[in-house]
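Survey of secondary and tertiary structure
The lines below spell out each chain.
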Amino acid sequence: MSGKRQIASPFFSILLFSMSQVPVGDLFCQRDSYAKELETTCISCSEKPDKKGFYQVHLKDTVLFPEGGGQPADTGSINGVQVYDVQRHKLAHVHYTKERVEPGPVHVTLDWSRRRDHMQQHSGQHLLSAVLEQEPYKMETVGWALKDKFAYIELGTAGGKAPTQAQLDEVEGVVNAWIRQATPMVCHTTAHDEKNGLSSLPADYAGDGGVIRTIEIEGLDRNPCCGTHVKHLGDLQVLKLLHTENIRGGNTRVYFVFGDRVTDTLHNLYDVSRQLNKALSVPVDQLVESVTRLQLATRNQAKIIKQWQARSAAHACDRIAKAIGDDTVLLVHDDEAGDMAYLTLVAAAIKDRDLLAASPRAVVVLASGEPSGPGTLVVLSGDDQRLKEITTKLTAHLPGTKGGGARGRWTGKTPSLAGIDQFALKI
C-alpha cells in the first residue's frame, strides 16, 4: 500500500499515545527485528471504517514495522485479522485492517518473508552506500527506494563523474567481502526530546518520549535510521548490482538486489533463458545474436508487408473510382491484409484522389478482419448527415459495434463482422 494515511482523530491518537502507546523508535519490532509475534493490548479501534474501508487500530506495542526510512510497512495479523498497512503519526503507530479489532489482549503475528526481504535490502543499502562513500569512490547516497523486485540508491554525481562499470564491479566485490565476514550491525539508541534531535528526522517526529536510533556497521559506518536491520552482514547472503540509470540533474541510480532476491532473480532469468533456448534452438550464449537476427528479419518483413498493402490500397481505390456514384454505399472488406494500418492506407488514398468530391452522398465502408470474427471499421463520406445515417444503420446491423467520428470519417470496432457483406455493395 502506498501513500501516507491520516488517522480519524490526531488529538485522540496523541492522547492514547501519551497514556500508553510505546513510541515509534522503541517498538518491539525495532528492539528485536527477528521477532515474529507479540502478545500485547489493543487500546482502541475505530467504530467505522474510513472511506477506503479500513479500520484504524491502536496497539500498545507492535511487532509490525510502520512505514519509514524508505522501508515499506510490514503486514501481518491481529487475532487473525489481516493487517494491510502500518503508519506512523508523530510518535504513535496505527494499524489498518478491514475488520474491527476489539480492545483488549491481542496476538500479533508478522509476515516474516516480507520482513526478511525488507531487512536484507535495507541493511544492504546501508552497506552499499557506506562502501561507496569511502575512499577511493567518495560517492554520496542522496536517496534510495525499495521496490517489489529491486531496489536502488541515488548517487549525487551531479557535477562529478558517474561510477564506471569497473568501479561497480569492484564495489560489488568489496560489499560481498564484508558480507562474508558477517560483520555485526548494532543499534544504538538515545532519548529524543525537543532539545535532542537530528535534522535527518522527519519534521513530524515531534514530542518528548521518542527514541533516536543509530545503526552501526562495526568498523565501517554509523547512520541514524528507524528501520529494521539484520544482526550481522552474513544475513545479507550476497549482493548483485544490476544496472545504472542517469536521472535528473546528473545524479545516478544504481539498481541492486541482496539475499533472497538474488536467488529469485537468478531463478527467473534461468527459466526465461531455458524457454528461449527451447524456442530458438540455440545455446544460451547465442540468444542475443539469434534475437537480433529475428528482429532484423521482422523489420524487413514489415517493410515488404507495407509495400504490398500500399499496392492493395491503390487497387481498392481503382475499384472504388469505377463503382462510386450518388447515394452508393460501397464495401471494401479485406480479411487478409486486414488491419487498421491497411484501412488507413485505403482511406488516405481515397482522400488523395478526391474520390468523394464528385459524389458527396456516396459512402465507403472499409472493413478488416475474418468474416465471422471481430473487426475494425472505417466509414467515409463527403456528407456528415449521410455519414451519421449509414453508421447508425451499420451499428444496428452489426450488434455490439461501437465507434465515433466526424468531418467525413467514422472509426469503430465490432465483435463480429458476420453479415457485413450484405450491408453494402462489396467491390
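Starting from 1, residues in each chain are numbered consecutively following that chain's sequence as written. Per-residue local features of the predicted model are confined to residues with pLDDT of at least 70, and side-chain atom pairs are confined, for both listing and counting, to 80 or more; whole-chain, interface and lining totals are unaffected and use all residues. The basis for every side-chain value is the complete set of non-hydrogen atoms in the structure, without hydrogens or water.

**Quick look at the sheet that holds strand β8 (residues 151-155)**
We count it as follows: Here, a strand pair is defined by DSSP locating no fewer than two bridges between the strands. Secondary structure elements are taken from DSSP: a helix is a run of H or I of four residues or more, a strand is a run of E of two residues or more, and numbering for both begins at the N terminus. Here an angle of 0 to 180 degrees is reported between the N-to-C directions of two axes, which are lines fitted to C-alpha atoms, with helices fitted over the stretch in contact. When checking whether two residues touch, look at their non-hydrogen atoms; a contact exists if any pair is within 4.5 Å.
Strand order in this open sheet of four strands is β7-β8-β13-β12, and the pairing throughout is antiparallel. Each edge of the open sheet is held by one strand with a lone partner, namely β7 (141-146) and β12 (239-246). For this sheet the average axis-to-axis angle between neighbouring strands, irrespective of direction, equals 20°. Where β7 meets β8, five bridges bridge the pair, whose relative direction is antiparallel. Looking at the pairing, tryptophan 144 lines up with isoleucine 153 of β8. Against the sheet, helix α3 (residues 112-133) contacts β7, β8, β12 and β13 (252-258), and its axis sits at roughly 130° relative to β13. In the packing of helix α5 (residues 260-280) onto the sheet, the strands contacted are β7, β8, β12 and β13, and the crossing angle to β13 comes to about 90°.

**Some remarks on the environment of proline 415**
Quick note on the threshold: Each residue's exposure class comes from its accessible area (1.4 Å probe, protein chains only) as a fraction of the maximum for that residue type: buried when under 20%, exposed when over 50%, partly exposed otherwise.
Relative to the elements of secondary structure, proline 415 occurs in the loop between β18 (409-414) and β19 (425-426). Proline 415 sits in the partly exposed class, given a relative accessible area of 48%. A C-alpha to C-alpha distance of 11 Å links proline 415 and glutamate 370, two positions 45 residues apart in sequence. Leaving out residues up to four positions away in the same chain, proline 415 has contacts with Gly373, Pro374, Pro399, Gly400 and Thr401.

**Concerning the side chain of threonine 376**
By the element assignment, threonine 376 lies in strand β16 (residues 375-381). Those residues within four positions of threonine 376 in sequence are excluded, and the remaining contacts are Met340, Leu343, Leu366, Ala367, Ser368 and Gly412.

**Digging into the nonpolar core**
As a rule of thumb, nonpolar side chains are buried together in soluble globular proteins. Note the threshold: Residues grouped as a nonpolar core are buried Ala, Val, Leu, Ile, Met, Phe, Trp, Tyr and Cys residues, joined through side-chain atoms within 4.5 Å.
In this structure, Leu127, Leu128, Val175 and Phe256 are the most contacted members of the largest nonpolar core, which totals 32 residues. Broken down by secondary-structure element, the contributors of at least two residues to this core are α3, β7, β8, α4 (165-180), β10 (210-217), β12 and β13. Ranked by the residues each element gives to this core, the list is headed by α3, at six residues. In contact with valine 175, other than residues within four places in its own chain, are Leu127, Leu128, Val131, Leu239 and Phe258.

**Considering the packing of aromatic side chains**
Note the threshold: Ring geometry is summarised as follows: Phe, Tyr and Trp rings, the Trp one being its six-membered ring, pair when their centres sit within 6.5 Å, and such pairs are stacked at plane angles under 30 degrees, edge-to-face over 60 and tilted between the two. Lysine NZ or arginine CZ positioned within 6 Å of the ring centre and within 35 degrees of the ring normal marks a charge as sitting over the ring.
This model, assessed by the stated rule, comprises five aromatic pairs. Taking 6.0 Å as the distance between ring centres and 40° as the angle between the ring planes, the aromatic pair formed by tyrosine 34 and tryptophan 112 counts as tilted. With tyrosine 34 in the loop between α2 (28-31) and β1 (37-45) and tryptophan 112 in helix α3, the pair connects residues that are 78 residues apart, well separated along the chain. For tryptophan 112, a relative accessible area of 22% translates into the label partly exposed. Counting every residue linked through ring pairs, the aromatic cluster contains Phe150, Tyr152 and Tyr255. Between lysine 98 and the ring centre of tyrosine 84, over which it is positioned, the NZ or CZ distance is 5.1 Å.

**Description of α3**
Note the threshold: Here a helix's expected span is defined as the number of its residues, less one, multiplied by 1.5 Å.
Between its first and last C-alpha, α3 extends 31 Å over 22 residues, near the 32 Å set by a 1.5 Å rise per residue. By the criterion of burial, α3 is predominantly enclosed, with 17 of the 22 residues buried.

**Some details on the sheet that holds strand β4 (residues 81-89)**
Pairing between sheet strands relies on hydrogen bonds along the backbone, with the strands arranged either parallel or antiparallel. Reading around the circumference, β1-β2-β5-β4-β3-β6 is the order of the six strands in this closed barrel, with antiparallel pairing throughout. Here the average twist between neighbouring strands, direction ignored, is 45°. With six bridges joining them, β1 and strand β6 (residues 104-110) adopt antiparallel strand pairing. Opposite threonine 41, over in β6, you have proline 105 as the bridge partner.

Honestly, that's just the spatial picture; any functional story needs more than this.
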